[in-house]
Amino acid sequence: MLFLYDVSLSDIIINEVEKYLVATSYENIKALLDEGGFRYSITSEGNLLTGFGEMEEYIDSEGRPRLGVLIFLEESGNFVRFLCPRLYRYEGKRFKTDLLQSCLMINYWAKLLKFEFDDRDGEVRAVIELPLEDTELSLSQLSRCLTTLAYLIDRLDPLIRRTLKEGGIHIPREPITF
């Protein structure tokens, strides 16, 4: 018996392949944030903004003990970035080498966390980049990335601020763990 279908074999294959091309979506991340009890908003660019209040050490540029975290997807959802923009602003020429060396040492000694420096405007930001490729983001991965950012930034803040104010390298030469 021969059956005729309105769907071609190529359509079925394309649909199956597309299921695996997008590892995660903003809708998935929003559901995970809701499940984990994280408050968030959607930026004008369509990214997600969450954060932490009542930081112990870190104070933002407005003088508040809070940390904002932008979550955005790249590579069609196969790569997620957790970004803390404008943590610090470097101005001038004093202690630049010390600041950059401190950031590199953090990149070396801390798991997941990476500091970035924009030499155009002096912005220092922190980021965790997570390749997902063929799997969706899980609540445990999301929570780990967010809490690692908050904990390590809070722990390292006095050391970085000291470098910005006085110079010198104050980052411990040992693994920085969560």
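In what follows, the accompanying structure is described.

**A word on the overall build of the protein**
When helices and strands are tallied, the protein shows 4 helices and 6 strands. Starting at the N terminus and ending at the C terminus, the protein contains elements arranged as α-α-β-β-β-β-α-β-β-α. Per-residue burial over the protein gives 39% buried out of 178 residues. Just so you have it, the protein exposes about 11,000 Å², and 52% of that area is on carbon and sulfur atoms.

**Remarks on the nonpolar core**
In summary, soluble globular proteins display a tendency toward joint burial of nonpolar side chains. By size, the foremost hydrophobic cluster in this structure holds 42 residues, and its most contacted members are Phe 82 and Phe 115. Broken down by secondary-structure element, the contributors of at least two residues to this core are helix H2 (26–36), strand E3 (66–74), strand E4 (79–89), helix H3 (96–109), strand E6 (123–131) and helix H4 (139–166). For this core, the leading source of residues is H4, giving 9 residues. Not counting the four nearest positions on each side in its chain, Phe 82 is found in contact with Val 69, Leu 70, Ile 71, Ala 126, Val 127, Ile 128, Leu 130, Leu 137, Leu 142, Cys 145, Leu 146 and Leu 149.

**Considering H4**
End to end, H4 covers 40 Å across 28 residues, agreeing with the expected 40 Å (1.5 Å per residue, within 8%). Helix geometry: H4 is bent most strongly at Asp 157, by close to 45 degrees, with proline Pro 158 lying one to four residues after it. Once H4 ends, the next one or two residues include Gly 167, with phi positive near 85 degrees.

**A look at H2**
Every buried residue of H2 is listed here: Asn 28, Ile 29, Lys 30, Leu 32 and Leu 33. Looking at the packing, one finds that the buried side of H2 touches strand E1 (40–42), strand E2 (48–53), E3, E4 and H4. Among the residues trailing H2, Gly 37 stands out with phi positive, at a value near 80 degrees.

**As for the pairing of E3**
In this sheet, E3 lies alongside E2 in antiparallel orientation, the contact comprising 6 bridges. Looking at the pairing, Thr 50 lines up with Val 69 of E3. Pairing of E3 with E4, which is carried by 5 bridges, proceeds in the antiparallel orientation. Bridging from a neighbouring strand, Leu 73 pairs with Val 80 of E4. Hairpin connection between E3 and E4: a loop of 4 residues separates the two successive antiparallel strands, and Glu 75 in this loop has a positive phi of roughly 50 degrees.

**Some words on the packing of H3 against H4**
In helix packing, the relevant descriptors are the interaxial angle and the interaxial distance, both defined with respect to the helix axes. Here H3 crosses H4 at 160 degrees, and the two axes come no closer than 9 Å. Our classification of the angle between H3 and H4 gives roughly antiparallel. Once H3 is placed against H4, the crossing between them reads as right-handed. Here H3 contributes Asp 98, Leu 99, Ser 102 and Ile 106 to the contact with H4, which in turn contributes Leu 156, Ile 160, Thr 163 and Leu 164. A breakdown of the residues in the contact of H3 with H4 according to their chemical character gives 5 nonpolar, 2 polar and 1 charged.

**Comments concerning the packing of H2 against H4**
Viewed as axis vectors pointing N to C, H2 and H4 meet at an angle of 75 degrees, and their least axial separation amounts to 10 Å. As the angle between them shows, H2 and H4 are arranged roughly perpendicular. Note on element contacts: H4 touches H2 through Leu 139, Leu 142 and Leu 146, opposite Ile 29, Leu 32, Leu 33, Glu 35 and Gly 36. Per-class residue counts for the contact of H2 with H4 are 6 nonpolar, 1 polar and 1 charged.

Reading guide: rules and limits
- Residues numbered from 1 in each chain as written.
- Predicted model: local features only at pLDDT ≥ 70, side-chain atom pairs only at ≥ 80, totals over all residues.
- Heavy atoms only, no water.
- Helix = DSSP H or I, 4+ residues; strand = E, 2+ residues; numbered from the N terminus.
- Buried < 20%, exposed > 50% of the residue type's maximum accessible area, 1.4 Å probe, protein only.
- Areas by Shrake-Rupley, 256 points an atom, 1.4 Å probe, with all protein chains shown as cover.
- Core = buried A, V, L, I, M, F, W, Y, C linked by side-chain atoms within 4.5 Å.
- Contact = heavy atoms within 4.5 Å.
- Expected span 1.5 Å × (residues − 1).
- Bend = angle between axes of the 7 residues up to and from the residue.
- Pairing = 2+ DSSP bridges.
- Axes fitted to C-alpha atoms, helices over the stretch in contact; angles between N-to-C directions.
- Parallel < 35°, antiparallel > 145°, perpendicular 65-115°, else oblique.
- Left-handed = near helix turned anticlockwise from the far one by under 90°.
- Nonpolar A, V, L, I, M, F, W, Y, C, P; charged D, E, K, R; others polar.

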